[in-house]
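Chain by chain, the residues:
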Amino acid sequence: MDFNVKKLASDAGVFFTRAVQYTEEKLGQAEKTELDAHLENLLARGDCTKNWTEKIFRQTEILLQPNPSARIEEFLYEKLEKKIPLRITNAEVLGQYMQDAAKEFGPSTPYGSTLITVGEYQKRIGAVEREFIHASAVGFLNPLRNFLEGDWRIISKERRLLENYRLDLDACKARLKKAKLAEAKAAAEQELRVAQTDFDRQSEVTRLLLEGINSTHVNHLRCLHEFVKAQAAYFAQCAVHMQDLQKELSRFPNAFVGNPSMSVIAPGPSPLSTAAPPGTSPPGRTSASPGPLDPVVTLKIGEVKPPATGTRKAKVLYDYEAADVSELSLLADELITVYTVPGMDPDWLIGERGNQKGKVPVTYLELLS
């Protein structure tokens, strides 16, 4: 192996000179060449960009992957340039647990069938989340990482070179001041000219790199828009899935009506209403909502007391699908028992079919004697 002793000695001498100059500057025993104001501003702007980009990058990583062990694992896979294994989301795990539980409880039971449905939608949400994580990583995280690990490392390297050349320049200035003999002064002046040239050239290189921070901001702005777009799509798809899930669940509104602990909100005082004749338009669901001044009473199903006049039979005129668990679904031409309670909306009655109870719209019924 070639070993250049002279070069090693020269490098050691340069390092020692810079160390001495730096120490004397810190102690206030040597003068320091100040950078021009424009370059100083660029350096401060660069540091600000690096610091906040790093914080945003780290927090986005935490948002997309809250598990620190999983983040470390993914980091190692990236460094080893290996494909990151597919990782299912927490929502997908929850959905699978729900469906496995349904097999144990019985998929044909109300609870089991509901677990299957909810579990399926949890899996869909998990899949949407995975797509959001991937899109955010590609469109937002990767550009930030490329800046921190690429552009900023180059800038940092050139800044270190600039600092070294500045120390060399100031050391040459100090030697020139100390030189007494003409020969020594001439040699010091020559070294000073070379050091000044190197310093000026490196200042220009560093300035050009730092001015490129503006382009970095433009690029990160575009990536930020992509991140927001992916996030908006994620939440929108989750909202759609949740709305679809609620519609699915509304098909089985009476699965737990028999539970005496279930409460139903019945607004508005009124007497018993008569049925609307066939051919008239059924009432809108808004009639079930209490007005701003209507009293609201909470009734426990199974504990509803019929009025003093007793219950009545009613024939169902039209099919009716319950909007929530407080209502009772109806089939045309069936007979049910109905009654009202004090404080109830005039357009609604309490309907009873076997052990199933719930609110029913009056205009869907023909009251019998």
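Predicted, not measured: the structure shown is a model, and the values here were computed from it.

Conventions and cut-offs
Residues numbered from 1 in each chain as written. Predicted model: local features only at pLDDT ≥ 70, side-chain atom pairs only at ≥ 80, totals over all residues. Heavy atoms only, no water. Helix = DSSP H or I, 4+ residues; strand = E, 2+ residues; numbered from the N terminus. Buried < 20%, exposed > 50% of the residue type's maximum accessible area, 1.4 Å probe, protein only. Pairing = 2+ DSSP bridges. Axes fitted to C-alpha atoms, helices over the stretch in contact; angles between N-to-C directions. Expected span 1.5 Å × (residues − 1). Contact = heavy atoms within 4.5 Å. Parallel < 35°, antiparallel > 145°, perpendicular 65-115°, else oblique. Nonpolar A, V, L, I, M, F, W, Y, C, P; charged D, E, K, R; others polar. pLDDT = per-residue confidence, 0-100. Patch = residues over 30% accessible without salt bridge, like charges linked within 9 Å, V, L, I, M, F, W, Y side chains within 5 Å. Areas by Shrake-Rupley, 256 points an atom, 1.4 Å probe, with all protein chains shown as cover. Salt bridge = Lys/Arg side-chain N within 4 Å of Asp/Glu carboxyl O. Polar contact = N/O pair within 3.5 Å; in protein donor to acceptor, adjacent residues only side chain to side chain. Left-handed = near helix turned anticlockwise from the far one by under 90°. Core = buried A, V, L, I, M, F, W, Y, C linked by side-chain atoms within 4.5 Å.

What exactly am I supposed to notice about the environment of Ala-101 here?
Within the secondary structure, Ala-101 is located in helix H4 (residues 90–105). Using a relative accessible area of 23% as the deciding quantity, one classes Ala-101 as partly exposed. Along the chain, Ala-101 and Ile-116 lie 15 residues apart, while their C-alpha atoms are 8.6 Å from each other.

Just to check I follow, could you spell out the sheet that holds strand E6 (residues 356–361) for this structure?
Backbone-to-backbone hydrogen bonds pair the strands of a sheet. The strands run either parallel or antiparallel. Taking strand neighbours across the sheet as the criterion, the 5 strands line up as E6-E5-E4-E3-E7 in an open arrangement whose pairing is antiparallel. Looking at the sheet topology across the chains shown, the edges are occupied by E6 and strand E7 (365–367). Ignoring strand direction, the axes of neighbouring strands in this sheet form an average angle of 40°. Bridge count for strand E3 (residues 312–316) against E7 is 3 bridges, and the pairing is antiparallel.

Would you explain helix H7 (residues 213–249) in this entry?
Because an α-helix completes one turn every 3.6 residues, residues spaced three or four positions apart along the sequence face the same direction. Here H7 is 37 residues long and its end C-alpha atoms lie 53 Å apart, about the 54 Å a rise of 1.5 Å per residue gives. Along H7, the positions that sit buried rather than exposed are Ile-213, Thr-216, His-220, Cys-223, Phe-227, Ala-230, Tyr-234, Cys-238, His-241 and Leu-245. In this fold, the buried residues of H7 make contact with helix H2 (37–64), helix H5 (110–178) and helix H6 (182–211).

What exactly am I supposed to notice about the packing of H5 against H7 here?
Two measures define how a pair of helices packs: the angle their axes make with one another and the distance between the axes. Orientation of H5 relative to H7, taken along the N-to-C sense of each, is 175°, at an axis distance of 9 Å. When the axes of H5 and H7 are compared, the pair comes out roughly antiparallel. For the contact of H5 with H7, a count of residues per class yields 21 nonpolar, 11 polar and 7 charged.

How do you make sense of the confidence of the model for the protein when you look at a structure like this?
Reading predicted coordinates in detail is not appropriate for stretches of low pLDDT. Overall, the predicted model of the protein reaches an average pLDDT of 81, with 76% of residues at or above 70. Low pLDDT, under 50, characterises residues 253–281; the predicted model gives this stretch 84 contacts beyond four residues in sequence or across chains. A low-confidence stretch, residues 283–309 stays under pLDDT 50, and its non-local contacts, those more than four residues away or across chains, total 57 contacts.

Help me out: how do you make sense of H6 in this one?
The end-to-end C-alpha distance of H6 is 43 Å, a good match for the 44 Å that 30 residues give at a rise of 1.5 Å each. Along H6, the residues classified as buried are Ala-188, Leu-192, Ala-195, Phe-199, Gln-202, Ser-203, Thr-206 and Leu-210.

What should I look at first to understand the side chain of Thr-216 in this one?
Tracing the sequence through the fold places Thr-216 in helix H7. Looking at Thr-216, the relative accessible area reads 10%, which means it is buried. Once residues lying within four places of it in the same chain are set aside, the contact partners of Thr-216 are Phe-147 and Asp-151.

Explain a nonpolar patch on the surface here, please?
On the surface, Ile-154, Val-205 and Leu-209 cluster together into a nonpolar patch covering about 210 Å² of accessible area. Examined against the element boundaries, Val-205 turns out to sit in helix H6. Under the relative-accessibility criterion, Val-205 is labelled partly exposed at 32%.

Would you explain the side chain of Arg-145 in this entry?
Position of Arg-145 among the secondary structure elements: in helix H5. Only 2.8 Å separates the side chain of Arg-145 from the side chain of Asn-142, close enough to count as a polar contact.

Can you walk me through the packing of H2 against H7 in this structure?
Contact geometry of H2 with H7 gives a least axis separation of 12 Å together with a crossing angle of 20°. One element, H2, and the other, H7, form an angle in the roughly parallel class. As H2 runs across H7, the sense of the crossing is left-handed. Across the interface between the two elements, Arg-45, Gly-46, Thr-49, Thr-53, Thr-60 and Leu-63 of H2 pack against Ile-213, Asn-214, His-217, His-220, Phe-227 and Gln-231 of H7. Here the residues of the contact of H2 with H7 are counted per class, giving 3 nonpolar, 8 polar and 1 charged.

How should I be thinking about the pairing of strand E5 (residues 348–353) in this particular structure?
Regular strands show a simple pattern: their side chains alternate between the two faces of the sheet. Here strand E4 (residues 335–339) runs beside E5; their pairing, made up of 3 bridges, is antiparallel. The residue of E5 that forms the bridge with Val-338 is Gly-351. Between the end of E5 and the start of E6, which pair antiparallel, lie 2 residues, with Gly-354 showing a positive phi angle near 65°.

Looking at this structure, I do not really get the nonpolar core. What am I missing?
Looking at soluble globular proteins, one finds that nonpolar side chains tend to be buried together. Core analysis: the largest hydrophobic core is formed by 30 residues, its most contacted members being Leu-35, Leu-39, Phe-132 and Leu-210. Breaking this core down by element, the ones donating at least two residues are H2, H5, H6 and H7. Ranked by residues supplied to this core, first place goes to H5 with 13 residues. Ignoring anything within four residues of it in the chain, the contact list for Leu-210 reads Leu-39, Leu-42, Leu-43, Gly-46 and Ile-155. Judged by nonpolar contacts, the second largest core, of 18 residues, contains Val-338, Tyr-339, Trp-348 and Val-360.

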